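# An overview of the molecular structure
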Number of protein chains: 2
Amino acid sequence: MKFSIERAVLLKAVAQAQSVVERRNTIPILANVLIEAEGNNVQFRATDLDIEVVDKADAMVERAGATTVAAVTLNEIVRKLPDGALVTLTEDGVKGRLTIEAGRSNFSLATLPKEDFPVMASSDYTTNFSAPAPVLRRLFDKSKFAISTEETRYYLNGVYMHIADGEDGRALRCVATDGHRLARIDAAMPENAGDMPGVIVPRKTVGELRKLLDDDEMQIAVSVSETKVRFATPNITLTSKVIDGTFPDYTRVIPQGNTRKLEVDASDFAKAVDRVATVSSERSRAVKLSLDEDRLVLSVNAPDSGAATEELAVAYDDERLEIGFNAKYLLEIASQVDRENAVFLFNSSGDPTLMREGNDTSAVYVVMPMRV
Amino acid sequence: MKFSIERAVLLKAVAQAQSVVERRNTIPILANVLIEAEGNNVQFRATDLDIEVVDKADAMVERAGATTVAAVTLNEIVRKLPDGALVTLTEDGVKGRLTIEAGRSNFSLATLPKEDFPVMASSDYTTNFSAPAPVLRRLFDKSKFAISTEETRYYLNGVYMHIADGEDGRALRCVATDGHRLARIDAAMPENAGDMPGVIVPRKTVGELRKLLDDDEMQIAVSVSETKVRFATPNITLTSKVIDGTFPDYTRVIPQGNTRKLEVDASDFAKAVDRVATVSSERSRAVKLSLDEDRLVLSVNAPDSGAATEELAVAYDDERLEIGFNAKYLLEIASQVDRENAVFLFNSSGDPTLMREGNDTSAVYVVMPMRV
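The notes below deal with the structure included here.

Definitions and cut-offs
- Residues numbered from 1 in each chain as written.
- Chains lettered and ligands numbered in written order.
- Predicted model: local features only at pLDDT ≥ 70, side-chain atom pairs only at ≥ 80, totals over all residues.
- Heavy atoms only, no water.
- Salt bridge = Lys/Arg side-chain N within 4 Å of Asp/Glu carboxyl O.
- Helix = DSSP H or I, 4+ residues; strand = E, 2+ residues; numbered from the N terminus.
- Buried < 20%, exposed > 50% of the residue type's maximum accessible area, 1.4 Å probe, protein only.
- Pairing = 2+ DSSP bridges.
- Axes fitted to C-alpha atoms, helices over the stretch in contact; angles between N-to-C directions.
- Contact = heavy atoms within 4.5 Å.
- Buried area = accessible area lost by both parts, 1.4 Å probe.
- Polar contact = N/O pair within 3.5 Å; in protein donor to acceptor, adjacent residues only side chain to side chain.

On to the pattern of salt bridges. Throughout the structure, instances matching the rule amount to 60 salt bridges over all chains. Measuring nitrogen to oxygen at the nearest pair gives 3.0 Å for the salt bridge that ties Asp274 of chain A to Lys80 of chain B. Taken together, the positions of Asp274 of chain A in helix 5 (residues 266–277) and Lys80 of chain B in helix 2 (residues 71–80) put the pair across two chains. The salt bridge involving Arg320 of chain B is made with Asp292 of chain B; its shortest N-O contact spans 3.1 Å. Pair noted here: Arg320 of chain B is in the loop between strand 21 (306–313) and strand 22 (321–326) and Asp292 of chain B is in strand 19 (residues 286–292), with a separation of 28 residues, a long-range link. Of the residues examined, Arg320 of chain B reaches a relative accessible area of 60% and is grouped as exposed. By sharing partners, the salt bridges in this structure join Glu76, Arg79 and Lys80 of chain A together with Asp274 of chain B into a single network.

Given below as structure tokens:
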């Protein structure tokens, strides 16, 4: 194998691939990236056995071939090479070394046989559709904060992507919850997505997927089976196993009868919550909301260290209400609001509270109260 | 006690003071900042019993007084208050609470009696002089990287500031070493500094001092005794115990007879060292320098993972030499060079090597070689 490639192109492909590689590996070859050169391009493939990413880059291939080298080391070397350098990678298949040359720099890295590299079995994708990058970005960005980190509740360790009946017809929906809060985000259902099986996309996959979604003009090809999900741009293919479990029936958690409506500037609200929470101890950062006509008082009372109150002018015309929340959950939910006022719908101080942006029902959040 | 103060002024004073407070304290009052309001200003005082910092800020004092509150919490609250806010701090001395008000925000923090706050005993400073901030900045910035972190060699856990005979007459000199490398930085001796006792300024003090030295126009008042050192600007006074030990005779470590001279672009050199070191394992990042006429080859050989070589055009006209160094030490020393080429002076592959910037002898570095 021998090919030459621009440093910037190489860096982009290797950086994307190596990020799925786990830093601590008991199986040596999982620390490696599989490099395959053929025709006019080179593929870089990395996997942790659950996720596989394949990055394709243009290159001047002099001699086709394939080998594997340590992904992190290769990435570090390429990153440190001067901008604009032309990099030549050579492997003669005999010495078990890959040579990397650029200008007066010369590296040789130990290789492992390409035959040992685990290539993810292909899947029979039953659903194939296409969605604009900004649509997928919104679905995952607004839901991922609620993913559970409890390993025992493995079926909550991801975002549940499925087709549902939304307020405006059939929707591509992402839901995440950890039992304390929940996010439900809808987008118009893409063509051909109608029979998609619901899948739980793991947290790490959501993180890797995010890197494919920065380009506003990009269309993402999505393929789904019962066991796998694939997201692809022309150059990058991300394939992931989905979580083998049943996502709980979240619809029962979303309150329907909450009528006490509070409308508040989301940014002012978040800053005020952040400030009053400062005085409380780390463990139970409970913030009390006291609602009266067009008036919200946020308060925290930590007997040992101190107390804090803050008043906000809001829109509220229901009866008096006092309700407590975990400050972190309130902050995270308020920070999802980027366009309009945050609208909270309460029932009683013991019932789950609903939050949305203005009258937009395509993004709905639920948060459980705390006793204060 | 009652006073009002601009949020930005308060934040600057509190932030500076709280940074000396240790995060884990067994003595509760050491987590607090002592606030003393009198006349037209307020003093914020914090200490870890080794270092004391006093920050003075203008304020509208309505009622003089003093109290102590948790430094970190106060800093967090003030940081989160909106920019431009006027903050009022009130303590009535009865309830054991300090009230902080700004706009519609209201905080109350638990206080501890001001009488319990440990104020550092004053010292009889035998030497008092003044030095421009940029001069002190250079002395400490260029030497601190070599401070030892070995607690058993406590006398190396700081920068040795003393008066010495430099190449251009009497000098204010800072020296730091960890036994593997050494930095010796000179500045022209300030007036009245001639009889200064040599003191070892602890690592943490060097870090805190750095925050006083950003303003190029500032004159720093320096006071030194056998046991303490004090650095002061009109608003901030930093007092520190010095390390109670004897700094070793570093002059014997600085080679005098090294004649083999290598001249190299410091930035190119540092980048090349960084690149070749990528292939070696974390533990022994040994880089070999092979010198021949006007030619330097850097190489690393890590049998398990790979090898790297890089060639640099340099100025060298002595006989062939091979010498090895710890890559991290070479990088740190090369990154001290900011104006000119790095000049290395070698003796043999087993002897300490000297490095300086061009022909400037006011900053000299020594690094021990490694067997490669």
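Read on for the rest.
Looking now at the sheet that holds strand 12 (residues 169–177) of chain B. All names here are of chain B. If you trace the eight strands from one edge of the open sheet to the other, you get 14-11-12-13-25-24-23-18, paired in antiparallel fashion. Looking at the sheet topology across the chains shown, the edges are occupied by strand 14 (199–202) and strand 18 (260–264). Within this sheet the neighbouring strands show an average axis-to-axis angle of 25°, counted without direction. Strand direction decides the pairing type here: strand 11 (residues 158–166) and strand 12, joined by seven bridges, are antiparallel. Across the sheet, the residue bridging to Ile163 is Leu172, located in strand 12.

Let us now look at the interface of chain B and chain A. Taken together, the contact pairs 30 residues of chain B with 30 residues of chain A. Counting the surface lost from both chain B and chain A, the interface buries some 2300 Å², and carbon and sulfur atoms represent 48% of this. Contact with chain A buries surface across chain B, with Lys80, Arg104 and Arg275 of chain B losing the most and accounting together for 28% of the total. At the surface where chain B touches chain A, the tally comes to two salt bridges. Counting across the chain B and chain A interface gives 18 residue pairs in polar contact (both at pLDDT 80 or more).

As a further point, take unusual backbone geometry. All names here are of chain B. The backbone of Asn192 shows a phi angle near 70°, a positive value even though the residue is not glycine. Note on placement: Asn192 falls in the loop between strand 13 (181–188) and strand 14. Located in the positive-phi region is Asp294, a residue other than glycine, with phi close to 50°. Along the chain, Asp294 turns up in the loop between strand 19 and strand 20 (295–302). Judged by relative accessible area, Asp294 falls into the partly exposed class, the value being 42%.

In short, the description is geometric, and any link to function would need to be established separately.
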